[in-house]
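Chain by chain, the residues:
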Amino acid sequence: MSTLIKNGRIITADEDYTADIFIENETISLIEKNLTIEADIIIDAKGKLVIPGGIDVHTHLDMPYRGITTSSDDFKSGTIAAAFGGTTTIIDFANQTKGKSLKEGLETWMKKADGKSVIDYSFHMAVTDLVENWQQEMRELANEGITSFKLFTAYPNDLMLDDGSIFKVMSESANLGTLILMHAENGPVIDLIIEQMLSEGKVEPKYHALSRPVAAEAEATYRAIAISEMAGTPLYIVHLTCDDALKKVAEARSKGLPVFAETCPQYLYLSIDDISKPGFEGAKFVFSPPVREKFHQEKLWAGLKSNDLQVAATDHCPFNFKGQKDLGKNDFTKIPNGGAGIENRLHLTFQGGVNEGRFSLNRWVDIISTTPAKLFGLYPQKGNISVGADADIVIWDPNTEHTISAETHHMNCDYSLYEGMKIKGNAETVLSRGEIIIAEDKFKGKTGRGNFVKRRMPVLG
Ligand code: URP
Ligand code: ZN
Ligand code: ZN
């Protein structure tokens, strides 16, 4: 099978030029101007941008939530939605159950994805308990291509590790050359604030945000940086929300420490005003860390431009308003934490970043595809348009206009965080390893066609 993409404007993290791309089977085999070559399929991309497929390194598909419910997208619905939005690879989180081995956790998540995912996928391993042989298990997982481990300073008695255990895992990661991801919030302090709020009858959704102050995130971010420095391991802060934490990351980076961070569209667009909506509406905007005051948004956009933030991911973790979010009708602590975003990451960063003039097309490709590929051991196979790379390609129409709505999105969620938002720019045609999986607004692939990708070690450059 061969495909020729003609006349497209190819945008990578550092190039911008017009040429034709010839794909044989799953791989890009030629890039040249005015190619005259026979192909089974010819796509005219004149007037369109041709970019490497998006890579979302933070998703939670089919994720059990505190034994009460499960995130509403599984690996089929979630990855189809991702593909519609121009994402061709995800890295989801496999969680270790306390007292059980890391491998068991990974196997559970491998089974969830196998036969369902329509795009390529991998996992980070969340380490929540230092069971017997945990070091050997980390080594074995790294050899199997799981080259990033997630830790939590939040959620005591559940996912959180104490500082000593964090240091131990980070030290092992330093030995292996893998990357540590951190959910950075001070869990024990937050739990005491929550207890106080509940005792005062403060049960509405907005108290979710008010009980998790920016100082709790900034403190944990700095603590994670300091422990990683002592352990000698690179660190990646997930879902960074506020200027206070961003300053800690920027300071570490200016000292030359290998510290990286992502933010997510919900923190670029949503604020405490949304979670404070009347009635129970605010429950739609309950995720952790929480929405912040509006002024943080521009600081995060600036961080994406300046490279103090390197990645835009989603933390896609959807729950329906009816039947899931409403479990917390009378108590904000019972509202499942998470929101849907896997389909709209490219839309929202293109709109706010490129259309509104905050950063260049190259920078956009960098934060949604190339740097994620490098940091998580997928480059140059993915995150790249070059000869020999996987033909994961998005033909992006920069001029088409659409309105985000739960009525038309493909995520299995009965509301949209961005309902009514107007976007200019959309994924017109999406190829995953050379196969057209989105065209004419339809999903054209087969369920389960996605492959598990064995990742290499991070490239920190
Ligand atoms: O609220 C969120 N973010 N839920 C998903 C789990 C996490 O902490 O990333
Ligand atoms: Zn998290
Ligand atoms: Zn998450």
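Novice: I'd like to hear about the coordination of the zinc ion (ligand 2), residue by residue, with values.
Specialist: On the protein side, the zinc ion (ligand 2) has His183 (ND1) and His239 (NE2) as donor atoms, found 2.1 Å from it. Around the zinc ion (ligand 2), the four donor atoms are arranged such that angles at the metal cover 55 to 144°; this shape is classified as irregular. Between the zinc ion (ligand 2) and the zinc ion (ligand 3) the interatomic distance comes to 3.6 Å. Of the two residues, His183 is situated in strand 12 (residues 179–183) and His239 in the loop between strand 13 (235–237) and helix 8 (243–254); the sequence distance between them amounts to 56 residues.

Novice: Just give me the short version of the site of ligand 1, but keep the residues and values in it.
Specialist: Residues in contact with ligand 1, as listed here, are His58, His60, Lys150, Tyr155, His183, His239, Phe287, Ser288, Asp315, Cys317, Asn337 and Gly338. In the environment of ligand 1, an oxygen atom lies 3.1 Å from a nitrogen or oxygen atom belonging to the side chain of His183. Between an oxygen atom of ligand 1 and a side-chain N or O atom of His239, the distance comes to 3.5 Å. Summarising the interface, the protein chains cover 95% of the accessible area of ligand 1, which totals 270 Å² for the free molecule. More than half of the atoms belonging to ligand 1 lie within 2 Å of the grid points that define the largest pocket.

Novice: Residues and numbers for helix 5 (residues 187–199), please.
Specialist: Between its terminal C-alpha atoms helix 5 stretches 18 Å, which fits the 18 Å expected from 13 residues at 1.5 Å a residue. Along helix 5, the residues classified as buried are Gly187, Ile190, Ile194 and Met197. Seen along its axis, helix 5 keeps its buried residues to an arc of 80°; they face one direction. Pointing more than 90 degrees away from the buried face of helix 5 are the exposed residues Leu192, Glu195 and Ser199. The inward-facing, buried residues of helix 5 contact helix 6 (206–210) and helix 7 (214–231). Here helix 5 starts with a cap whose side-chain oxygen sits 3.1 Å from the backbone nitrogen of Val189, and that cap is Asn186.

Novice: Requested: an account of the packing of aromatic side chains, with residues and values cited.
Specialist: A full pass over the atoms with the stated rule returns 16 aromatic pairs. Seen in terms of ring centroids, Tyr121 and Phe123 are 5.9 Å apart; in terms of plane orientation they differ by 70°. Their pairing is edge-to-face. A relative accessible area of 0% means that Phe123 is categorised as buried. The interplanar angle of 80° and the centroid separation of 5.8 Å between the aromatic rings of Tyr267 and Phe287 together place this pair among those described as edge-to-face.

Novice: Tell me about helix 11 (residues 295–306), residues and numbers included.
Specialist: End to end, helix 11 covers 17 Å across 12 residues, agreeing with the expected 16 Å (1.5 Å per residue, within 8%). Within the sequence span of helix 11, burial applies to His296, Gln297, Leu300, Trp301, Gly303 and Leu304. An end-on view of helix 11 places all buried positions within 155° of arc, on one side of the element. Residue Asn307 follows helix 11 closely and has a positive phi angle near 75°.

Novice: So what's going on with the sheet that holds strand 15 (residues 311–312)? Residues and values would help.
Specialist: Read across the sheet, eight strands follow the order 6-9-10-11-12-13-14-15 without closing on themselves; strand pairing throughout is parallel. The open sheet has two edge strands, strand 6 (54–59) and strand 15, and neither has a second partner. Bridging between strand 10 (residues 120–126) and strand 11 (residues 148–152) involves two bridges; their strand directions are parallel. Pairing of Met125 across the sheet is with Phe149, part of strand 11.

Novice: Tell me what's going on with the coordination of the zinc ion (ligand 3), and back it up with residues and numbers.
Specialist: In ideal tetrahedral geometry, four donors around a metal make angles of 109.5 degrees, whereas ideal octahedral geometry with six donors gives angles of 90 or 180 degrees. In this structure, His58 (NE2), His60 (NE2) and Asp315 (OD) serve as the protein donors to the zinc ion (ligand 3), at separations of 2.0 to 2.2 Å. One way to put it: the four donor atoms around the zinc ion (ligand 3) meet at angles of 85 to 138°, and that makes the site irregular. All donors of the zinc ion (ligand 3) come from a single chain, and their spacing in sequence reads H-x1-H-x254-D. According to the relative accessible area criterion, His58 is buried, its value standing at 0%.

Definitions and cut-offs
Residues numbered from 1 in each chain as written. Chains lettered and ligands numbered in written order. Predicted model: local features only at pLDDT ≥ 70, side-chain atom pairs only at ≥ 80, totals over all residues. Heavy atoms only, no water. Donors = N, O, S within 2.8 Å, 3.2 Å for Na, K, Ca; no water. Tetrahedral: all angles 85-135°; square planar, octahedral: opposite > 155°, others 65-115°. Helix = DSSP H or I, 4+ residues; strand = E, 2+ residues; numbered from the N terminus. Near = heavy atom within 4 Å. Polar contact = N/O pair within 3.5 Å; in protein donor to acceptor, adjacent residues only side chain to side chain. Areas by Shrake-Rupley, 256 points an atom, 1.4 Å probe, with all protein chains shown as cover. 1 Å grid on protein atoms, 1.4 Å probe; cavity = no way out; pocket = protein on both sides within 12 Å on 5 of 7 lines; lining within 4 Å. Sits in = over half its atoms within 2 Å of the grid points. Expected span 1.5 Å × (residues − 1). Buried < 20%, exposed > 50% of the residue type's maximum accessible area, 1.4 Å probe, protein only. Arc of directions from axis to C-beta. Contact = heavy atoms within 4.5 Å. Phe/Tyr/Trp six-rings, centres within 6.5 Å; stacked < 30°, edge-to-face > 60°. Pairing = 2+ DSSP bridges.

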